[in-house]
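Each chain, letter by letter, is given below.
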Amino acid sequence: MARRRAKKRAAEAIYGVDRMVRNVRTGRFERSLSGLTAIGSLITAAEIFFEHDRASFGNKLMWIPVALGPVGAAAGVGGVVSKRLAKTALPIASAVIVANGLQGTWLHVRGIARKPGGLRKNLLYNIEMGPPLLAPLLVTLVGGMGLLAAVLRREK
């Protein structure tokens with residue numbers, strides 16, 4: 001009898017990736033990902049503010065990702081506490097964040113292309129000294145986490 005219990009406990013013990021898969025199946029991961037979206041939104045908005053401030057906010061569009069940070073954070077926190085907000089506000093805010101990240105990537109490529117030598121002659125130098133090429137994709141990643149959280153099943 002004791003051996004059966006020990007085997008059953010060993011079979012129930014789940015570690016590593018299996019635990020994460022179980023959390024996705026049971027719906028626990030939706031809340032976690034919503035919370036990570038909230039934290040990621042605030043962190044990336046702060047980083048974007050400092051980088052765009054360095055560039056003196058030369059283009060008014062530079063304010064949009066800074067303003068979307070608190071929106072994403074509020075939607076992420078809402079997704080943690082409410083199923084309704086997780087299925088309505090979070091995907092809307094996340095989709096806007098993804099769109100803004102893609103727009104930012106385009107604007108950064110355009111900024112690199114406008115440097116002396118453009119994309120042909122001084123490509124490596126312009127990538128290093130121009131606007132950060134991959135930074136807007138981090139914003140897109142945060143929005144993608146929110147979209148993923150919105151489609152995952154919620155625990156009961």
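Look above for the structure.
Residues numbered from 1 in each chain as written. Predicted model: local features only at pLDDT ≥ 70, side-chain atom pairs only at ≥ 80, totals over all residues. Heavy atoms only, no water.

## A look at the side chain of Arg154
Take Arg154: it is sitting in the segment after helix 8 (135-151). In terms of polar contacts, Arg154 uses its side chain to reach the backbone carbonyl oxygen of Gly79, at 2.8 Å. Separated by 2.9 Å, the side chain of Arg154 and the backbone oxygen of Val80 make a polar contact. Apart from the residues within four sequence positions on either side, Arg154 is in contact with Thr26, Gly27, Glu30, Arg31, Gly79, Val80, Val81, Ser82, Lys83 and Ala86. (Helix = DSSP H or I, 4+ residues; strand = E, 2+ residues; numbered from the N terminus. Polar contact = N/O pair within 3.5 Å; in protein donor to acceptor, adjacent residues only side chain to side chain. Contact = heavy atoms within 4.5 Å.)

## Looking at the side chain of Glu30
Within the secondary structure, Glu30 sits in helix 3 (residues 28-54). Residue Glu30 is classed as buried on the basis of its relative accessible area, which comes to 0%. Those residues within four positions of Glu30 in sequence are excluded, and the remaining contacts are Ala86, Lys87, Ala149, Leu152, Arg153 and Arg154. (Buried < 20%, exposed > 50% of the residue type's maximum accessible area, 1.4 Å probe, protein only.)

## Quick look at a nonpolar patch on the surface
On the surface, Val17, Met20 and Val21 cluster together into a nonpolar patch covering about 270 Å² of accessible area. With respect to the element layout, Met20 can be found in helix 2 (residues 17-26). (Patch = residues over 30% accessible without salt bridge, like charges linked within 9 Å, V, L, I, M, F, W, Y side chains within 5 Å. Areas by Shrake-Rupley, 256 points an atom, 1.4 Å probe, with all protein chains shown as cover. Salt bridge = Lys/Arg side-chain N within 4 Å of Asp/Glu carboxyl O.)

## Some points on the pattern of salt bridges
On inspection of all chains with the given rule, the structure shows three salt bridges. Salt-bridge contacts for Arg154 lead to Glu30; the nearest nitrogen and oxygen are separated by 2.7 Å. On the criterion of sequence distance, the pair formed by Arg154 in the segment after helix 8 and Glu30 in helix 3 is long-range, its members being 124 residues apart. Note on accessibility: Arg154 and Glu30 belong to one class, buried. Of the charged contacts, one joins Arg54 and Glu51 as a salt bridge, the two residues approaching to 3.2 Å between their closest N and O atoms. One end of the pair is Arg54 and the other is Glu51, both in helix 3 and three residues apart, which spans about a single turn. Taking the relative accessible area as the measure of exposure, Arg54 reaches 67% and is therefore exposed. On the basis of relative accessibility, which here comes to 31%, the residue Glu51 falls in the partly exposed class.

## Some points on the packing of helix 6 (residues 89-113) against helix 8
Two quantities define a packed helix pair, namely the angle between the axes and the distance from one axis to the other. Viewed as axis vectors pointing N to C, helix 6 and helix 8 meet at an angle of 160°, and their least axial separation amounts to 7 Å. Taken as axis vectors, helix 6 and helix 8 run roughly antiparallel relative to one another. Seen from above, helix 6 lies across helix 8 with left-handed handedness. Between helix 6 and helix 8, the contacting residues are Leu90, Pro91, Ser94, Ala95, Ile97, Val98, Gly101, Leu102, Gly104, Thr105 and His108 on the first element and Pro136, Leu137, Val139, Thr140, Gly143, Gly144, Gly146, Leu147, Ala149 and Ala150 on the second. Split into classes, the residues belonging to the contact of helix 6 with helix 8 amount to twelve nonpolar, nine polar and no charged. (Axes fitted to C-alpha atoms, helices over the stretch in contact; angles between N-to-C directions. Parallel < 35°, antiparallel > 145°, perpendicular 65-115°, else oblique. Left-handed = near helix turned anticlockwise from the far one by under 90°. Nonpolar A, V, L, I, M, F, W, Y, C, P; charged D, E, K, R; others polar.)

## Digging into helix 4 (residues 63-81)
The terminal C-alpha atoms of helix 4, which comprises 19 residues, lie 28 Å apart, in line with the 27 Å expected from a rise of 1.5 Å per residue. All buried positions along helix 4 are accounted for by Pro65, Val66, Leu68, Gly69, Gly72, Ala73, Ala75, Gly76, Gly78 and Gly79. (Expected span 1.5 Å × (residues − 1).)

## Overview of helix 3
The first and last C-alpha atoms of helix 3 sit 40 Å apart over 27 residues, in line with the 39 Å expected at 1.5 Å per residue. Within helix 3, burial applies to Glu30, Leu33, Ser34, Gly35, Thr37, Ala38, Gly40, Ser41, Thr44, Ala45, Ile48 and His52. Positive phi appears at Ser56, one or two residues downstream of helix 3, with a value of about 60°.

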